Amino acid sequence: MQEMVTDPAFDIAARRAQVAAALRARLPAACVLSDPEDTRPYECDGLAAYRQLPLIVTLPTDEAQVLAILAVCRELQVPIVPRGAGTGLSGGALPMLDGVVLSTARMNRIVHVDPIARTAVVQPGVRNLAISEAAAPYGLYYAPDPSSQIACTIGGNVAENAGGVHCLKYGLTVHNVLRVRVATIEGEVVELGGAAPDAPGLDLLAVFIGSEGMLGVALEVTVKLAPRAALAQVIMASFLDVTAAGDAVAAVIAAGIIPAGLEMMDRTSVRMVEPFVKAGYDLDAAAILLCEADGTVEEVAEEIARMRAVLGAAGATAITVSRSEAERVRFWSGRKNAFPAAGRISPDYYCMDGTIPRRQLARVLAGIAQMETTYGLRCANVFHAGDGNMHPLILFDAGRPGEFERAQAFGAAILALCVEVGGTITGEHGVGAEKIDSMCVQFGRKELDAFFAVKRAFDPPMLLNPDKAIPTPHRCAEFGKLHVHHGALPFPDLPRF
């Protein structure tokens, strides 16, 4: 595992005392954590392979306290790492040794639910699932449902543009948020978007959503609510090989069907999950698909019949349709518990996140199978197959010398393959600290310079979550040195070494 380091001449204790004193002069004592033992729970997010004790952790409870924290950090030139619930999987909330963690977890009030407009106004620390619970009495819910929805917060969802198993039909966070109230590094409060379906001017709301805490701090979010369907059913379809399953995904979409969810799991992931959840999965299948239809009773019956026909023609060897709401939830529970289930069969796992064209599913799965041999590690594959968002789980043992490094190399190779087939290095987990070198594979210097220009426009002192998501020219040059033996550099305009 990797502990982040900094200049050994840096006097941590003196800097901590200075910053803590300045913060405590403006905030209640309970909002500032400076003792290393108190800050240790914040040393990583869901990517626990990377850890760093922060200088200070702040826990504001309202907008005024957020602005006070930003003012202190701006005056003292202290980096700030915004954090939600810490469930992110790309190191986006990884602290800095000389920086302040700004946790919005205590800003957890549901301000207003409007059943007529079908919207909810919430603070950033509100849990994803809590929005649906508050909207349930009105027959409404919040559609994006990441696997961590029981714990993750809407502020973190906005930062990472989170998705979930139902994002194929209902969209990612960016499609379900109308407005975000934002605190800038300069202490200004701005509103991006609005109550109307389309706001005037540049679409800065879409720029902010998915910006990983690098442009500002979310203070309040207005989300769309959707009516709960009268009925939902899931098909579980089994296939004898992953190629047939991948082709079946493309066939469903080509037939003009947009399922509420369309997920794929390979044999390794199925056999990993079933003893943990007892979801009723087919242990003999090389891959299974979970395809959900929702709507009125008549709409669901028609869509289920159409999907059964397409899946049967695509080579499904067994098709099971959920017969009750409890069974539907159980089918989904297996997919949503794939990550924790990995802990039953492996001491450690490394969850990747890339997106590929649907037609390339079979090719990429075959490539991952070859990489298992190359790197000597197993990989369980789960996909948001409908939109090509893949989550390979690389299984390793950090206690064995070199295995974590091999897992990292394996993950980087998967992301490079995603780019090669026309995809991207992330779908919903973000870049954070984890994929910053893979950005050198995905983008050229001019593109990265444009990203930096956007960041500087929002954050001139470059204090908000620095050293995340966008690699510097020096970093990409060093990355090119390490990989020049493969015959190609990430940028054509970088010199060969």
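Residues numbered from 1 in each chain as written. Predicted model: local features only at pLDDT ≥ 70, side-chain atom pairs only at ≥ 80, totals over all residues. Heavy atoms only, no water.

S.K.: So what's going on with the state of the cysteines? Which residues, and what values?
M.R.: Covalent bonding between the sulfur atoms of two cysteines is what defines a disulfide. Counted under the stated rule, the structure contains one disulfide. Two residues share a disulfide in this structure: C440 and C476, whose sulfurs sit 2.2 Å from each other. Where C440 bonds to C476 through sulfur, the torsion about that S-S bond is close to -85 degrees, and the disulfide is left-handed. Taken together, the residues C440 in helix α15 (residues 439-442) and C476 in helix α17 (residues 473-483) connect sequence positions 36 residues apart. (Disulfide = S-S within 2.5 Å. Helix = DSSP H or I, 4+ residues; strand = E, 2+ residues; numbered from the N terminus.)

S.K.: Could you give an account of helix α1 (residues 12-24), naming the residues involved and the relevant values?
M.R.: For α1, spanning 13 residues, the distance from its first C-alpha to its last is 18 Å, which sits close to the expected 18 Å at 1.5 Å a residue. Within α1, the full set of buried residues consists of R15, R16, V19, A20 and L23. One side of α1 carries all its buried residues, which in axial view fall inside an arc of 125 degrees. Looking at the buried residues of α1, the elements they touch are β2 (32-33), α2 (36-39), β4 (56-58), α3 (63-76) and β6 (100-103). (Expected span 1.5 Å × (residues − 1). Buried < 20%, exposed > 50% of the residue type's maximum accessible area, 1.4 Å probe, protein only. Arc of directions from axis to C-beta. Contact = heavy atoms within 4.5 Å.)

S.K.: Could you give an account of the nonpolar core, with specific residues and numbers?
M.R.: The biggest cluster of nonpolar side chains holds 64 residues, and the ones touching the most others in it are F239, L311 and I394. With nine residues, helix α14 (residues 403-420) is the single largest residue contributor to this core. Once residues within four sequence positions are removed from consideration, L311 is found in contact with I235, A237, F239, A248, V252, L289, C291, A316 and I319. (Core = buried A, V, L, I, M, F, W, Y, C linked by side-chain atoms within 4.5 Å.)

S.K.: Lay out the packing of aromatic side chains with the relevant residues and their values.
M.R.: Scanning the entire structure with this criterion turns up seven aromatic pairs. Summarising the aromatic geometry, the rings of Y141 and Y170 are spaced 6.4 Å apart at their centres and angled 75 degrees between planes, so their arrangement reads as edge-to-face. Of this pair, Y141 sits in strand β9 (residues 140-141) while Y170 sits in helix α6 (residues 167-170), placing them 29 residues apart in sequence. Aromatic pair F443 and F451: ring centres 5.1 Å apart, planes at 85 degrees, arrangement edge-to-face. Under the relative-accessibility criterion, F443 is labelled partly exposed at 22%. (Phe/Tyr/Trp six-rings, centres within 6.5 Å; stacked < 30°, edge-to-face > 60°.)

S.K.: Just give me the short version of the sheet that holds β4, but keep the residues and values in it.
M.R.: Two strands in a sheet stick together by hydrogen bonds in their backbones, pointing the same way (parallel) or opposite ways (antiparallel). Ordered in space as β2-β4-β6-β5, the four strands form an open sheet in which the pairing is mixed. The outermost strands of the open sheet, each flanked by one partner alone, are β2 and β5 (80-83). Looking at chain direction, β5 and β6 are connected through four bridges and run parallel. Looking at the pairing, V81 lines up with V101 of β6. Its contacts with the sheet put α1 on β2, β4 and β6, and the angle it makes with β4 is roughly 20 degrees. Strands β4, β5 and β6 of the sheet are contacted by α3, whose axis makes an angle of about 165 degrees with β6. (Pairing = 2+ DSSP bridges. Axes fitted to C-alpha atoms, helices over the stretch in contact; angles between N-to-C directions.)

Spatial relationships are all this shows, so hold off on functional conclusions.
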